[in-house]
Amino acid sequence: MNANLPQPTGTPPVPSRNDRGGVLRAFNLSLAFVLLLVAVYTAQGHVDWRPWAVAPLDKAGLLGILGAPLLHGSIQHLGANAAALLILGTLAGSVYPKATVRALPLLWVGSGLGAWLLGDLGSRHLGASGITHGLMFLVFVLGLLRRDRPAIAAGLIAFLFYGSMLLTILPHEPGVSWQSHMGGAFAGIISALLFRLSDPMAPRKRYSWEDEEEDDIDTARDADLEPPSPTRVPVLWQPREGRDFVVLPFRRRDEGSSLD
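The model shown is predicted, which means the values in this text are computed figures rather than measured ones. (Residues numbered from 1 in each chain as written. Predicted model: local features only at pLDDT ≥ 70, side-chain atom pairs only at ≥ 80, totals over all residues. Heavy atoms only, no water.)

S.K.: Got a minute to help me understand the confidence of the model for the chain in this structure?
M.R.: Should the pLDDT be low somewhere, the predicted coordinates at that spot are not to be read in detail. Across the chain, the average pLDDT comes to 82, with 71% of residues at 70 or higher. In this model residues 5-15 is a low-confidence stretch, pLDDT under 50, and it forms 20 contacts with partners more than four residues away in sequence or in other chains. (pLDDT = per-residue confidence, 0-100. Contact = heavy atoms within 4.5 Å.)

S.K.: I keep staring at helix 4 (residues 97-118) and nothing clicks. Help me out?
M.R.: Every α-helix carries 3.6 residues per turn, so stepping three or four residues along brings you back to the same face. Compared with the 32 Å implied by 1.5 Å per residue over 22 residues, the 31 Å span of helix 4 between its first and last C-alpha is a close match. At Ala103, helix 4 is deflected by roughly 35°, the largest bend along its length, and proline Pro105 occurs up to four residues later in sequence. Those residues of helix 4 lying buried are Ala99, Thr100, Ala103, Leu107, Gly110, Ser111, Gly112, Gly114, Ala115 and Trp116. Tucked into the core, helix 4 has its buried residues touching helix 2 (64-67), helix 3 (75-95), helix 5 (129-146) and helix 7 (178-194). (Helix = DSSP H or I, 4+ residues; strand = E, 2+ residues; numbered from the N terminus. Expected span 1.5 Å × (residues − 1). Bend = angle between axes of the 7 residues up to and from the residue. Buried < 20%, exposed > 50% of the residue type's maximum accessible area, 1.4 Å probe, protein only.)

S.K.: Even after reading the chapter, I still don't get the packing of aromatic side chains, so can you show me in this structure?
M.R.: Evaluated as defined, the whole model comprises two aromatic pairs. For the pair Phe33 and Trp108, a centre-to-centre distance of 6.1 Å together with 65° between the ring planes defines the contact as edge-to-face. Residue Phe33 is located in helix 1 (residues 16-44), and its partner Trp108 is located in helix 4; the two are separated by 75 residues in the primary sequence. (Phe/Tyr/Trp six-rings, centres within 6.5 Å; stacked < 30°, edge-to-face > 60°.)

S.K.: Help me understand the side chain of Ser111, please; the structure alone is not making it clear to me.
M.R.: Along the chain, Ser111 turns up in helix 4. Exposure remark for Ser111: the relative accessible area of 5% places this residue in the buried category. For Ser111, the residues in contact, after removing those within four places along its chain, are Gly130, Ile131, Ser180, Gly183 and Gly184.

S.K.: Teacher, can you tell me more about the packing of helix 5 against helix 6 (residues 149-162) here?
M.R.: When two helices pack together, their arrangement is given by the angle between the helix axes and by the axis-to-axis distance. Two numbers describe how helix 5 lies on helix 6: the axes approach to 8 Å, and their chain directions differ by 145°. When the axes of helix 5 and helix 6 are compared, the crossing they make is left-handed. In this structure, helix 5 uses Met136, Val139, Phe140, Leu142, Gly143 and Arg146 to contact helix 6, whose residues at the interface are Ala151, Ile152, Ala154, Gly155, Ala158, Phe159 and Tyr162. When the residues that make up the contact of helix 5 with helix 6 are grouped by side-chain class, the tally is 10 nonpolar, two polar and one charged. (Axes fitted to C-alpha atoms, helices over the stretch in contact; angles between N-to-C directions. Left-handed = near helix turned anticlockwise from the far one by under 90°. Nonpolar A, V, L, I, M, F, W, Y, C, P; charged D, E, K, R; others polar.)

S.K.: Help me understand the environment of Gly93, please; the structure alone is not making it clear to me.
M.R.: With respect to the element layout, Gly93 can be found in helix 3. For the pair Gly93 and Arg25, spaced 68 residues apart in sequence, the C-alpha to C-alpha distance is 8.1 Å. When residues no more than four places from it in sequence are discounted, the contact partners of Gly93 are Ala26 and Thr100.

S.K.: I would appreciate a short explanation of the pattern of salt bridges in the present structure.
M.R.: As a working rule, side chains carrying opposite charge can pair if their charged atoms are close by. Enumeration over the complete set of coordinates arrives at two salt bridges. Where Asp48 meets Arg50, a salt bridge forms, and the shortest distance between an N and an O atom there is 3.2 Å. Among the residues examined, Asp48 registers a relative accessible area of 46% and is labelled partly exposed. Arg146 is the partner of Asp148 in a salt bridge, and the nearest nitrogen-oxygen pair spans 3.9 Å. In this pair, the class of Asp148 matches that of Arg146, namely buried. (Salt bridge = Lys/Arg side-chain N within 4 Å of Asp/Glu carboxyl O.)

S.K.: I'm lost on the side chain of Asn81 in this one. Help?
M.R.: Within the secondary structure layout, Asn81 lies in helix 3. The contact partners of Asn81, leaving out residues within four places of it in the chain, are His72, Gly127, Ala128, Ser129 and Thr132.

S.K.: I'm lost on unusual backbone geometry in this one. Help?
M.R.: Negative phi values dominate among residues other than glycine, just as trans dominates among peptide bonds. In this structure, Leu57 takes a positive phi of about 60° despite not being glycine. Structurally, Leu57 can be placed in the loop between helix 1 and helix 2. With phi around 60°, Arg147 is a residue other than glycine that occupies positive phi space. Note that Arg147 resides in the loop between helix 5 and helix 6. For Arg147, a relative accessible area of 63% translates into the label exposed.

In structure tokens form, the structure reads like this:
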């Protein structure tokens, strides 16, 4: 290793073992929720699921706010939401574990309320896509608000995989509940504003050359604004022992003498 390279100073970063443990824990929780969705979809063919879907502007349809994210209309619908939940759930849960746990109830209720308030009368809304949109907007907005390295990296990854969700919150395809997408996205933005400080920021690496630059700036500032200390002022005259004062004799001129 080159000894001339700048070395990081200050608080050491979080050990990578803890990082791997957080990612694995978030992935396992996301996978458990996906398996729950698979189990519910398997049971849908044997029960009447319609009371648990969101019926817009119907009092009885309010029950769907709780049950609709667990229901899906087809295996393709379930597969698309399962992949998004695994990716975005792992990303959000590993970088923002506390904020994600606190935001999930808002995302759940927000997606259902969006469908209930904005949906067409007589329609039924179901699926976890509102929650996936909420997770994407949560991670993306937290990256804009916090702006530390993990937050920026998580926001870029979320946008890379699911940046198209910025468009699917608007009407674009018949049969797709853009209303629940919009409700989940709005809940994700609100959650990011409320819980942006729930998780501590990772310590920033500090390098030796930064300390040297600050020392040079402080030295220059002191030289410009403050007089130097007495010990730093050069002495221009040194007294000599026994000869501190010299008497120069002057003779009085004789009267009547003339100047040359």
